[in-house]
Amino acid sequence: MLASPAGRETILDVLGKSDPLIKDALTTIIDRGDFIKALPPESQDERKDQRSNKDIPPRDFKTLNDYDPTVVSDLIRRSEASIAELKQNIQSKSGPALFDFIIEDIQRLKEGLSYPQSFAVIMTALNASSWINEKMNEWLGEKNAADIISQSVSNNVTSEMGLALLDVADVIRPYPEVIDYLQRVKDENFLEELIQFKGGQETRDAIYTYLSKYGMRCVGEIDITKTRWSERPATLVPIILSNIKNFEPGASKQKFQQGLHEALKKEKELLDRLKQLPDGEQKVRETKRMIDLVRNLIGYREYPKYSMVSRYFLYKQALMREAEQLVHANVIHDKEDIYYLTFEEFHEVVRTNTLDYQIISNRKEEYTLYEKLTPPRVITSDGEIITGKYKREDLPAEAIIGLPVSSGVIEGRARVILTMEDADLEDGDILVTSFTDPSWTPLFVSIKGLVTEVGGLMTHGAVIAREYGLPAVVGIENATKLIKDGQQIRVQGTEGYVEIIS
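Residues numbered from 1 in each chain as written. Predicted model: local features only at pLDDT ≥ 70, side-chain atom pairs only at ≥ 80, totals over all residues. Heavy atoms only, no water.

A. Quick look at the overall build of the protein chain. Scanning the protein chain from terminus to terminus reveals 20 helices and 10 strands. Relative to a compact globule of 502 residues, whose C-alpha radius of gyration would be 23 Å, the protein chain shows 25 Å and is just as compact. The principal-axis extents of the C-alpha atoms in the protein chain amount to approximately 80 × 65 × 50 Å. Considering the protein chain as a whole, with its 502 residues, one finds that 48% of them fall into the buried category. Taking as baseline every contact in the protein chain between residues at least 6 positions apart, the subset at least 24 positions apart corresponds to 66%. When the accessible surface of the protein chain is totalled, it reaches about 25,500 Å², and 52% of it is carbon and sulfur. (Helix = DSSP H or I, 4+ residues; strand = E, 2+ residues; numbered from the N terminus. Rg over C-alpha atoms; globule rule 2.2 N^0.38 Å. Buried < 20%, exposed > 50% of the residue type's maximum accessible area, 1.4 Å probe, protein only. Contact = heavy atoms within 4.5 Å. Areas by Shrake-Rupley, 256 points an atom, 1.4 Å probe, with all protein chains shown as cover.)

Have a look at this one:
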């Protein structure tokens, strides 16, 4: 892609938005010009060939100028209907036929992910957000205005997931016996044992209701082998207990309303100031339209991945039933042995009921080795590792530089947390971690700021930080080593750096 002029522009744009250090490293390679030879511009025919590949979303998708406000709820309904259909149809599939069925359904998944209207909604919202930031800075000297405008929007399935766990805490809070039991939970059967306590049935129902909507999620959820919350509900117990300790009843609604109030207040403030400018009425009309686009559409940005992971979990449940059959037939030792096979190899094992187990043993050893490696952002074909740098000045001498993704300044205690299970947060802590994905969102309700090693403007942590109104800086290389657990730090979410206070 770097060798092709069109490909180069695309990859720098896409990766640059997700991680500026990758963009700088790639730009360094291009500027050196010591091994990349530019290919001739692609012909129209080649482009048509590329576009015909359904796996590649078209580059020329349209944004929405005039839109029906129901477009997002219609897209969500369409997705939910498709998942419900899959859930019903996959039940009757087994053996080699199951694998054929999944291959066929993955095509439906890809078509759904590249559905033009879905792309149009997301791109329209992103473009409107960029427009607001650019124009408010130009007209009013206001930086990152869209961050506050994005708080408490509708139809954001990930931020709703964090708030919904506060509602679960509200159900459990009146029952001290249940709370005491949950503090000692070790067994994965704890949900069944809950009913012996007063409030146990209500607690179990609340957790099951939560899992019915969000149980397919987990850390690293794009990897189908990762353990889902539905498979290990105890993962959520420390977060629920933290919510009971740190929040008052009704915190979910109160947090959403507070964010909504701040967003509407910022909207009014911007529009009032714009009225005073030359061509003020025109500027107000344009800005109001862009704000409406953001508030009505940006929440959908989180939905396609939720939809995809929902399908993955249905695939996984069906495939694990096949794995159980292989265990009963003494073909494999444990169900999880299938994690070390490719999909095609697993298909063949199910078809023949035979396997050279040495393949599993070798791959387990390799995995243990690879797990210890830290991949670089950019590595060339001959093994050279190129590191990117932030090229910014006028920052404090000791500033730890990153990318500003959610405005505001906050001071507090740094909690360096590498796995969600280790999270022991107090209200007002600042989360410092290597990366976040949607599964970390329930922790965001307890924190006042976010710092990560990896990320960009539109990665999940940044999106949710903006919606929750949390100052956030991402893309800080080695943040979890440079910042020590318990230190007092200041997160400058507007300018994009962190200072260690003490």
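Next comes the rest of the write-up.
B. Representation of the pattern of salt bridges in the model. Inspection of the entire model under this criterion finds 34 salt bridges. Linking Glu324 and Lys335 is a salt bridge whose minimum nitrogen-to-oxygen distance equals 3.6 Å. Pair noted here: Glu324 is in helix H15 (residues 303-328) and Lys335 is in the loop between H15 and helix H16 (343-352), with a separation of 11 residues, a long-range link. Exposure remark for Lys335: the relative accessible area of 30% places this residue in the partly exposed category. Among the salt bridges present, the one from Lys364 reaches Asp337, with a minimum N-O distance of 2.9 Å. A residue pair is termed long-range when its members are at least 10 positions apart, and Lys364 in helix H17 (residues 358-370) and Asp337 in the loop between H15 and H16 qualify at 27 residues. (Salt bridge = Lys/Arg side-chain N within 4 Å of Asp/Glu carboxyl O.)

C. Molecular detail of the layout of surface pockets. Considered as a void within the structure, the second largest pocket measures approximately 1,300 Å³ in volume. Lining of the second largest pocket is provided by 41 residues; of these, Leu373, Pro375, Leu418, Ser434 and Phe435 occupy positions nearest its centre. Mapped by element, the contributors of at least two residues to the lining of the second largest pocket are helix H2 (20-32), strand S2 (385-386) and helix H20 (479-482). Of the residues contributing to the lining of the second largest pocket, the split by class is 18 nonpolar, 12 polar and 11 charged. (1 Å grid on protein atoms, 1.4 Å probe; cavity = no way out; pocket = protein on both sides within 12 Å on 5 of 7 lines; lining within 4 Å. Points joined across faces, edges and corners; volume = space filled by probe spheres on them. Nonpolar A, V, L, I, M, F, W, Y, C, P; charged D, E, K, R; others polar.)

D. Representation of the sheet that holds strand S10 (residues 497-500). One open sheet holds the eight strands; their spatial order is S3-S10-S9-S5-S6-S7-S8-S4, and the pairing between them is mixed. Edge positions in the sheet fall to strand S3 (400-401) and strand S4 (403-406), since each has one partner strand and no second. Where strand S7 (residues 447-452) lies against strand S8 (residues 472-474), two bridges are found, and the strand directions are parallel. Looking at S8, one finds that Leu450 is bridged to Ala472. Running over the sheet, helix H19 (residues 460-468) touches S4, S7 and S8 and is turned about 50 degrees from S4. (Pairing = 2+ DSSP bridges. Axes fitted to C-alpha atoms, helices over the stretch in contact; angles between N-to-C directions.)

E. Structural view of the side chain of Ser252. Mapped onto the secondary structure, Ser252 falls in helix H13 (residues 251-275). Polar side-chain contacts of Ser252 include one of 3.4 Å to the side chain of Asp167. Aside from chain neighbours lying at most four places away, what touches Ser252 is Leu163, Leu166 and Asp167. (Polar contact = N/O pair within 3.5 Å; in protein donor to acceptor, adjacent residues only side chain to side chain.)

F. Molecular detail of the environment of Ile207. Structurally, the position occupied by Ile207 is in helix H11 (residues 200-214). According to the relative accessible area criterion, Ile207 is buried, its value standing at 4%. Sequence separation between Ile207 and Ile222 is 15 residues; the distance between their C-alpha atoms is 23 Å. With near-sequence residues (within four places) excluded, Ile207 lies in contact with Val168, Phe190, Leu191 and Ile240.

G. Fine view of the nonpolar core. By size, the foremost hydrophobic cluster in this structure holds 92 residues, and its most contacted members are Ile132, Met136, Leu182, Phe190, Tyr210, Trp229 and Phe444. Looking at this core, the element that brings in the most residues is helix H6 (residues 116-140), giving 10 residues. Those residues in contact with Phe444 that lie beyond four places of it in its chain are Leu431, Thr436, Leu450, Gly461, Ile464, Ala465, Tyr468 and Leu470. Ranked by size, the runner-up nonpolar core spans 26 residues in total, among them Leu86, Ile90, Met308 and Ala323. (Core = buried A, V, L, I, M, F, W, Y, C linked by side-chain atoms within 4.5 Å.)

H. Structural context of the side chain of Thr158. Take Thr158: it is sitting in helix H8 (residues 157-172). We classify Thr158 as buried; its relative accessible area is 0%. Only 2.7 Å separates the side chain of Thr158 from the side chain of Glu302, close enough to count as a polar contact. The contacts of Thr158, once residues within four sequence positions are left out, are Arg217, Glu302, Pro438, Thr441 and Ile464.

I. A look at H8. For H8, with 16 residues, the first-to-last C-alpha span of 23 Å sits near the 22 Å given by 1.5 Å per residue. Burial analysis of H8 places 12 of its 16 residues in the buried class, the great majority of the element. Looking only at H8, the buried set comprises Val157, Thr158, Ser159, Met161, Gly162, Leu163, Ala164, Leu165, Leu166, Val168, Ala169 and Ile172. Its side-chain oxygen at 3.0 Å from the backbone nitrogen of Thr158, Asn156 defines the N-terminal cap of H8. (Expected span 1.5 Å × (residues − 1).)

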